[in-house]
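# Observations on the three-dimensional arrangement
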Amino acid sequence: MKRMAEAKKKDRGLWFREMKSELKKVVWPNKQTVIKNTGTVLLCSAIIGAFIWVFDFAALSLVQMILSVFGA
């Protein structure tokens with residue numbers, strides 16, 4: 001039983017060492033790139049949100065028109 005606990009501790013230690021070495025390989029973006037990418041994401045989200053809003057408004061108007069024609 002003691003061996004299993006020691007093996008798990010070694011496995012965890014190995015995992016953390018490997019994770020640390022992998023994180024050293026990551027090329028982190030600079031501030032300018034982060035700001036540019038954030039702006040792009042916000043702009044795309046706003047455009048998609050506007051399309052959804054327009055479609056929702058059009059669909060609601062169509063349903064109301066159909067219901068008013070059939071007197072419901």
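Anything mentioned here points back to the structure above.
In this text, all values refer to a predicted model and were calculated from it rather than measured experimentally. (Residues numbered from 1 in each chain as written. Predicted model: local features only at pLDDT ≥ 70, side-chain atom pairs only at ≥ 80, totals over all residues. Heavy atoms only, no water.)

Before going further, it helps to examine the overall build of the chain. Along its length, the chain carries two helices and zero strands. By residue count, 0% of the 72 residues in the chain fall in the buried class. Total accessible area on the chain stands at roughly 7300 Å², and carbon and sulfur atoms take up 71% of it. (Helix = DSSP H or I, 4+ residues; strand = E, 2+ residues; numbered from the N terminus. Buried < 20%, exposed > 50% of the residue type's maximum accessible area, 1.4 Å probe, protein only. Areas by Shrake-Rupley, 256 points an atom, 1.4 Å probe, with all protein chains shown as cover.)

A cluster of nonpolar residues, Trp 15, Phe 16, Met 19, Leu 23, Val 26 and Trp 28, forms a patch on the protein surface that exposes about 650 Å² of accessible area. Relative to the elements of secondary structure, Val 26 occurs in the loop between α1 (2-25) and α2 (31-69). (Patch = residues over 30% accessible without salt bridge, like charges linked within 9 Å, V, L, I, M, F, W, Y side chains within 5 Å. Salt bridge = Lys/Arg side-chain N within 4 Å of Asp/Glu carboxyl O.)

This next bit is on the packing of aromatic side chains. Evaluation of the coordinates by the stated rule reveals two aromatic pairs. Taking 4.9 Å as the distance between ring centres and 80 degrees as the angle between the ring planes, the aromatic pair formed by Trp 15 and Phe 16 counts as edge-to-face. Exposure remark for Phe 16: the relative accessible area of 46% places this residue in the partly exposed category. (Phe/Tyr/Trp six-rings, centres within 6.5 Å; stacked < 30°, edge-to-face > 60°.)

Considering all chains together, one arrives at one salt bridge under this definition. Residue Lys 25 pairs with Glu 22 through a salt bridge whose shortest N-O separation is 3.2 Å. Within this pair, Lys 25 and its partner Glu 22 are both found in helix α1, separated by three residues, close to a single helical turn.

Looking at the element boundaries, Ser 21 is found in helix α1. At 2.9 Å, the side chain of Ser 21 and the backbone oxygen of Glu 18 are in polar contact. (Polar contact = N/O pair within 3.5 Å; in protein donor to acceptor, adjacent residues only side chain to side chain.)

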